[in-house]
Amino acid sequence: MRWEGNRESDNVEDHRGEGGGGGGFGFGGRSIGIGTIVVALIGGWVLGVNPMTILGLLSGGGPVQVSQQQQQRPRSEGNDREYKLMKVVLADTEDVWTDLFRRNGGTYQMPKMKVFSGAIQTACGAGRSATGPFYCPGDQDIYIDLDFFRLLEQRFHAPGEFAQAYVVAHEVGHHVQNLMGLSDKVHNAQRNASERQANALSVRLELQADCFAGVWAYHASRARSIIEKGDVEAALNAATAIGDDALQKQSGGEVMPDSFTHGSSAQRVRWFNRGIESGEIAQCNTFEARQL
């Protein structure tokens, strides 16, 4: 991926080494079973939102309390290049989406990205490294612990800087959905839906974010020639690795399509491809697609 020397975003904040939470979770004095916590945290990045928000809803909406037991972690020099990459990729998404919104008569409001280690407080509750990257619509911020990329490479066998850029672009896709009012519509519909129906809506929301990531890649490549040979394959490899069916197989469980919240590997690849091949927002309408 060609990115060195490109513009860096001013909307990235470094919160690494500030310490964070550890220990147990409390919800207004009520406890949540460890099974519920594990399910939410395993869903972490794949959910695209802070799992603490979901746990708060499950417990009746009470605030999430995270005890401050974790010691401060020193910054890793190995993260410096990745931190710079995050700033460049976010800047690139800013340029692409600002232009696309302007073409459609709108104004793009840029999100902030907060890079942290351990844990961090958000408008959606307490975010932890275990949740992976996520977007919080409450403060319109993207949160990421760069250690996630080690997990992506070592456990999911999806290395590469463009794979990392895809992760960022996916979360920016959620921000775009939020600005377009799509996220609220989906979440409102989920309140009166069955679990199966709610999951199906979540899948469509997530696949659209994958498609939006592809739209970004299409325009960034044509404007700045950032994509090199093998980059698209790296992104597709990452999309494949984090499909719901792949994650369920890796955990040793049975593949249960009704429980999918992000879509299968094939679906994630298909919608990212749709975005990167067309570069058109209109091609990402997963909610009216008969076949995902």
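Below is a summary of the structure that appears in this document.

**Topic: the state of the cysteines**
Part 1 of the reasoning: Scanning the entire structure with this criterion turns up two disulfides.
Part 2 of the reasoning: At a sulfur-sulfur separation of 2.1 Å, the disulfide partner of Cys-124 is Cys-136. On the sign convention where negative is left-handed, the bridge of Cys-124 and Cys-136, at about 95° about the S-S bond, is right-handed. Of this pair, Cys-124 sits in the loop between strand E5 (119–122) and strand E6 (125–128) while Cys-136 is found in strand E7 (residues 134–136), placing the two residues 12 residues apart along the sequence.
Part 3 of the reasoning: Assessed through its relative accessible area of 14%, Cys-124 is described here as buried.

**A closer look at helix H10 (residues 265–278)**
An α-helical turn contains 3.6 residues, so any two residues separated by three or four positions project in the same direction.
Part 1 of the reasoning: In a regular helix each residue adds 1.5 Å, so 14 residues correspond to 20 Å; H10 covers 20 Å between its end C-alpha atoms and thus fits that length.
Part 2 of the reasoning: Residues Ser-265, Gln-267, Arg-268, Val-269, Trp-271, Phe-272, Gly-275, Ile-276 and Ser-278 constitute the buried set of H10.
Part 3 of the reasoning: Directly after H10, the chain includes Gly-279, whose backbone phi takes a positive value near 70°.

**Remarks on the packing of aromatic side chains**
The description of two aromatic rings rests on the distance between their centres and on the angle between their planes.
Part 1 of the reasoning: Applying the stated rule across the entire model yields seven aromatic pairs.
Part 2 of the reasoning: When the ring of Phe-162 is compared with that of Trp-216, the centres are 6.0 Å apart and the planes differ by 20°; the resulting orientation is stacked. With a gap of 54 residues between them, Phe-162 in helix H5 (residues 161–179) and Trp-216 in helix H7 (residues 195–224) connect regions that are remote in the sequence. Here Phe-162 matches Trp-216 in class, with each residue buried.
Part 3 of the reasoning: Plain terms: the ring middles of Tyr-166 and Phe-272 are 5.5 Å apart, the flat faces sit at 85° to each other, and that makes the pair edge-to-face. Here Tyr-166 is found in helix H5, whereas its partner Phe-272 is found in helix H10, with 106 residues between them in sequence.
Part 4 of the reasoning: Exposure remark for Phe-272: the relative accessible area of 1% places this residue in the buried category.
Part 5 of the reasoning: Members of the aromatic cluster, each reached through a chain of ring pairs, are Trp-97, Phe-101, Tyr-108 and Phe-212.
Part 6 of the reasoning: The ring centre of Tyr-218 lies 3.8 Å from the NZ or CZ of Arg-222, which sits over that ring.

**Thoughts on the pattern of salt bridges**
Part 1 of the reasoning: Scanning the model with the defined rule gives 15 salt bridges in all.
Part 2 of the reasoning: We note a salt bridge from Arg-81 to Glu-4, for which the minimum N-O separation is 3.0 Å. Separated by 77 residues along the polypeptide, Arg-81 in helix H3 (residues 79–103) and Glu-4 in the segment before strand E1 (12–15) bring together distant segments of the chain.
Part 3 of the reasoning: Residue Glu-4 is classed as exposed on the basis of its relative accessible area of 57%.
Part 4 of the reasoning: A salt bridge links Lys-84 to Glu-8, with the nearest nitrogen and oxygen atoms 2.6 Å apart. With Lys-84 in helix H3 and Glu-8 in the segment before E1, the pair connects residues that are 76 residues apart, well separated along the chain.
Part 5 of the reasoning: Look at Glu-8 and you get partly exposed, because its relative accessible area is 25%.
Part 6 of the reasoning: Overlapping salt bridges, with partners in common, bring together Glu-4, Arg-81 and Glu-161 in one network.

**Quick notes on the sheet that holds strand E8 (residues 141–144)**
Part 1 of the reasoning: Across the sheet, which stays open at both edges, the four strands sit in the order E1-E4-E8-E7 with mixed pairing between neighbours. Where the open sheet ends on each side, the last strands, each with one partner, are E1 and E7. Shown here is a sheet whose adjacent strand axes are inclined to one another by a mean of 25°, direction ignored.
Part 2 of the reasoning: For strand E4 (residues 112–116) and E8, the ladder comprises four bridges, and the chain directions are parallel. Considered in E8, the bridge of Val-115 is made with Ile-144.
Part 3 of the reasoning: Helix-sheet contacts for H5 involve E4, E7 and E8, and the interaxial angle to E7 is about 25°.

**Considering the side chain of His-170**
Part 1 of the reasoning: Among the secondary structure elements, His-170 is positioned in helix H5.
Part 2 of the reasoning: A polar contact of 3.0 Å, which involves the side chain of His-170, links it to the side chain of Glu-206.
Part 3 of the reasoning: There is a polar contact of 2.9 Å between the side chain of His-170 and the side chain of Asp-210.

**A few points about the nonpolar core**
Part 1 of the reasoning: Core analysis: the biggest nonpolar cluster contains 61 residues, and Trp-97, Met-113, Phe-162, Tyr-166, Trp-216 and Phe-272 have the highest contact counts within it.
Part 2 of the reasoning: Mapped onto this core, the elements with two or more residues apiece are H3, E4, E8, helix H4 (148–154), H5, H7, helix H8 (231–241) and H10.
Part 3 of the reasoning: Among the elements that make up this core, the one with the highest residue count is H3 (10 residues).
Part 4 of the reasoning: Ignoring sequence-local partners within four residues, the contact set of Met-113 consists of Asn-11, Val-12, Glu-13, Met-86, Leu-90, Ile-142, Ile-144 and Val-168.
Part 5 of the reasoning: Among the nonpolar cores identified, the runner-up in size contains six residues, and Phe-116, Phe-134, Cys-136 and Tyr-143 belong to it.

**Here we look at the pairing of E6**
Within a regular strand, side chains alternate between the sheet's two faces.
Part 1 of the reasoning: Sheet topology note: the E5/E6 ladder contains four bridges and is antiparallel. Looking at E6, one finds that Ile-120 is bridged to Gly-127.
Part 2 of the reasoning: Linking E5 to E6, which pair antiparallel, is a turn of two residues.

The rules behind these values
- Residues numbered from 1 in each chain as written.
- Predicted model: local features only at pLDDT ≥ 70, side-chain atom pairs only at ≥ 80, totals over all residues.
- Heavy atoms only, no water.
- Disulfide = S-S within 2.5 Å.
- Helix = DSSP H or I, 4+ residues; strand = E, 2+ residues; numbered from the N terminus.
- Buried < 20%, exposed > 50% of the residue type's maximum accessible area, 1.4 Å probe, protein only.
- Expected span 1.5 Å × (residues − 1).
- Phe/Tyr/Trp six-rings, centres within 6.5 Å; stacked < 30°, edge-to-face > 60°.
- Lys NZ or Arg CZ within 6 Å of the ring centre and 35° of its normal.
- Salt bridge = Lys/Arg side-chain N within 4 Å of Asp/Glu carboxyl O.
- Pairing = 2+ DSSP bridges.
- Axes fitted to C-alpha atoms, helices over the stretch in contact; angles between N-to-C directions.
- Contact = heavy atoms within 4.5 Å.
- Polar contact = N/O pair within 3.5 Å; in protein donor to acceptor, adjacent residues only side chain to side chain.
- Core = buried A, V, L, I, M, F, W, Y, C linked by side-chain atoms within 4.5 Å.

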